Amino acid sequence: MTRELSIAELAALAADTDDQTETQVAGEYEREVIPSGTNFARFVEYIETGKHPQKPYQGKEKPPAEIIRLTFELLHKKSIVEYEQDGVTKKRGQLITVRVKKSLSEKASFKKIFNAMTYGRDSIKHFAQMLGECFLVNIHHNIGKDAAGKEIMYANLNNKDGVYSIG
């Protein structure tokens, strides 16, 4: 019989493996942009993050909306990252996340993504039922600005027209 760990015990284990009191010198972090193109992806996370303020539409305020977060682990060889932990070289897939308003409207991104992922499978009624499944996705790049106003390239699962390519 196995004993379940308490939250305090899990937190102590986390503290043993990752010291978050250490400070990095600015510029030490190298941001890797996920390569564009078709990729294999495992659906690894569905989180409802609660209601968040919305941007006004045509000058009219909109009520807060529930936002969900969908995360995919990219499994194609071009998206695998090698890193060293405790002297051992390990590999992991890069992650890409989609944040969308939870809406069942036929025009909503939430509904379009759900329909694409469930295509031909009428027994699936919720995103959580697909956790762990693999999908084909297309990674698209766009240029934006970071907090300092510097141009930066972003990887997305939707193209410049807002169309998501997950299937």
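The coordinates are above.
If you're wondering where the values come from, they're calculated on a predicted model, not measured in any experiment.

Quick notes on the sheet that holds strand S1 (residues 37–52)
Okay, so step 1: As summarised here, the arrangement of the 5 strands in space is S5-S2-S1-S6-S7, forming an open sheet in which the pairing is antiparallel. Two strands bound the open sheet, and with one partner strand each, they are strand S5 (95–101) and strand S7 (151–156). Looking at each pair of strands side by side, their axes are set apart by 35 degrees on average, direction ignored.
Okay, so step 2: Strand direction decides the pairing type here: S1 and strand S6 (residues 134–145), joined by 6 bridges, are antiparallel. Considered in S6, the bridge of Arg 42 is made with Cys 134.
Okay, so step 3: Relative to the sheet, helix H2 (residues 109–118) contacts S1, strand S2 (65–74), S5 and S6, its axis offset from that of S5 by approximately 130 degrees.

What about the pairing of strand S3 (residues 80–85)?
Okay, so step 1: Summarising the sheet, S3 and strand S4 (residues 88–93) pair through 6 bridges and their orientation is antiparallel. The residue bridging Val 81 from the neighbouring strand is Arg 92, located in S4.
Okay, so step 2: Between S3 and the antiparallel strand that follows it, S4, lie 2 residues; Asp 86 among them carries a positive phi value of about 55 degrees.

Section: the nonpolar core
Okay, so step 1: Counting residues in hydrophobic clusters, the biggest one holds 24 residues, and the most contacted among them are Phe 43, Leu 70, Phe 72, Met 117 and Phe 127.
Okay, so step 2: For this core, the secondary structure elements donating two or more residues are S1, S2, S5, H2 and S6.
Okay, so step 3: Once residues within four sequence positions are removed from consideration, Phe 72 is found in contact with Ala 41, Arg 42, Phe 43, Val 44, Gln 94, Leu 95, Ile 96, Met 117, Phe 135, Leu 157 and Ile 166.

Some thoughts on the pattern of salt bridges
Okay, so step 1: Across all of its chains, the model carries 5 salt bridges by this definition.
Okay, so step 2: With a closest N to O distance of 3.1 Å, Arg 69 and Glu 45 form a salt bridge. You can see Arg 69 sitting in strand S2 and its partner Glu 45 sitting in strand S1, a full 24 residues away along the chain.
Okay, so step 3: A residue is classified by how much of its surface remains accessible, and Glu 45, at 24% relative accessible area, is partly exposed.

Re unusual backbone geometry
Okay, so step 1: Look at Gln 58: it is not a glycine, yet its phi comes out positive at around 50 degrees.
Okay, so step 2: Mapped onto the elements of the fold, Gln 58 is located in the loop between S1 and S2.
Okay, so step 3: At Asp 86, a residue that is not glycine, the phi angle is positive and equals roughly 55 degrees.
Okay, so step 4: By the element assignment, Asp 86 lies in the loop between S3 and S4.

The rules behind the values
Along each chain, residues carry numbers from 1 onward, in the same order as the chain's sequence is written. With pLDDT at 70 or above as the cut-off, local features in this predicted model cover only qualifying residues; side-chain atom pairs require 80 or more to be listed or tallied, and sums for whole chains, interfaces and linings still use all residues. Water and hydrogen atoms play no part in the side-chain values, which are based on all heavy atoms of the structure. In short, DSSP must find at least two bridges between two strands for them to pair. A run of H or I in DSSP counts as a helix once it spans at least four residues, and a run of E counts as a strand once it spans at least two, with each numbered from the N terminus. Every axis corresponds to a line fitted to the C-alpha atoms, with the helix fit spanning only the stretch in contact, and the corresponding angles, defined between N-to-C directions, vary from 0 to 180 degrees. The contact rule is simple, with two residues in contact once any of their heavy atoms fall within 4.5 Å. Among buried residues, the Ala, Val, Leu, Ile, Met, Phe, Trp, Tyr and Cys ones that are joined through side-chain atoms within 4.5 Å form a nonpolar core. Any residue under 20% of the maximum accessible area for its type is buried, any over 50% is exposed, and the rest in between are partly exposed; the area is computed with a 1.4 Å probe on protein chains only. By definition, a salt bridge exists where a carboxyl oxygen of Asp or Glu is found within 4 Å of a side-chain nitrogen of Lys or Arg.

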